[in-house]
Amino acid sequence: METLTSRGRAIRLAATALGLAVLLAGTVWGTDDHFPFGPFRMYSTSNPPNSPAPDTRIEGVDSTGAVVDLGERATGIRRAEIEGQQDRYAADPELLTEVADAYAERHPDAAELVEVRIVIRWHGIRDGRPTGRWTDETVVSWKAHP
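The present account deals with the structure reproduced in this document. (Residues numbered from 1 in each chain as written. Predicted model: local features only at pLDDT ≥ 70, side-chain atom pairs only at ≥ 80, totals over all residues. Heavy atoms only, no water.)

1. Comments concerning the pairing of strand E3 (residues 113-126)
As defined by bridge partners, strand E1 (residues 53-62) adjoins E3 across 10 bridges and the pair is classed as antiparallel. Bridge pairing in E3 links Ala 53 to His 123. As paired elements, E3 and strand E4 (residues 129-143) share 11 bridges and run antiparallel to each other. By the bridge assignment, Ile 118 is partnered in E4 with Val 140. Between E3 and E4, which pair antiparallel and follow one another directly, the connecting turn spans 2 residues, one of which, Asp 127, has a positive phi of 55°. (Pairing = 2+ DSSP bridges. Helix = DSSP H or I, 4+ residues; strand = E, 2+ residues; numbered from the N terminus.)

Structure representation (structure tokens):
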């Protein structure tokens, strides 16, 4: 086994110090987008024990009036991608046509989607336990032009 030269030790110490400095800066000033050098707050926080818990989903309405689940299996788009871009969809609901297009590509024989919406189901929580009650809130909606 060879011993490490002084220069090699100095390079390793400098790389370690730089890594620790970036990690510390990311922890103090970073956001989830800076992971792994920033905090991953999604798992480091919790909701108050009596606050409702959100469950986001995306659904569509086809030309027959049927409600269609537009989850990952139906569109290839993960729920996290929808949630991560929710502000963009709210600012420009026309972007939801991408979801309708992804569904149409995977289901060419299905009835055409005339509406796509992002819905949050708020599950009731009391003392940190589910109550079994819930309410749905449509936060973004796109309708096809006739």
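From this point, things continue past the structure.
2. What about the packing of aromatic side chains?
Applying the stated criterion across every chain yields a total of 0 aromatic pairs. Above the ring of Trp 134, the side-chain terminus of Arg 121 is found at 3.5 Å from the ring centroid. (Phe/Tyr/Trp six-rings, centres within 6.5 Å; stacked < 30°, edge-to-face > 60°. Lys NZ or Arg CZ within 6 Å of the ring centre and 35° of its normal.)

3. Remarks on unusual backbone geometry
Not every positive phi belongs to a glycine, and Asp 127 is a case in point at roughly 55°. For Asp 127, the location among the structural elements is in the loop between E3 and E4. A relative accessible area of 58% means that Asp 127 is categorised as exposed. (Buried < 20%, exposed > 50% of the residue type's maximum accessible area, 1.4 Å probe, protein only.)

4. Section: the side chain of Thr 75
Following the sequence through the fold, Thr 75 ends up in helix H2 (residues 72-75). You can call Thr 75 buried: its relative accessible area is 5%. In this structure the side chain of Thr 75 is engaged in a polar contact, spanning 3.1 Å, whose partner is the backbone nitrogen of Ile 77. Every residue in contact with Thr 75, bar those within four places of it in the chain, is listed here: Leu 70, Val 99, Ala 102, Tyr 103 and Arg 106. (Polar contact = N/O pair within 3.5 Å; in protein donor to acceptor, adjacent residues only side chain to side chain. Contact = heavy atoms within 4.5 Å.)

5. Some thoughts on the pattern of salt bridges
Tallied over the entire structure, the rule returns 8 salt bridges. Of the charged contacts in the structure, one is a salt bridge between Glu 115 and Arg 117, with a shortest N-O distance of 3.4 Å. By relative accessible area, Arg 117 is classed as buried at 16%. If you follow the salt bridges from partner to partner, you end up with Arg 57, Glu 59, Glu 115, Arg 117, Arg 121 and Asp 136 in one network. (Salt bridge = Lys/Arg side-chain N within 4 Å of Asp/Glu carboxyl O.)

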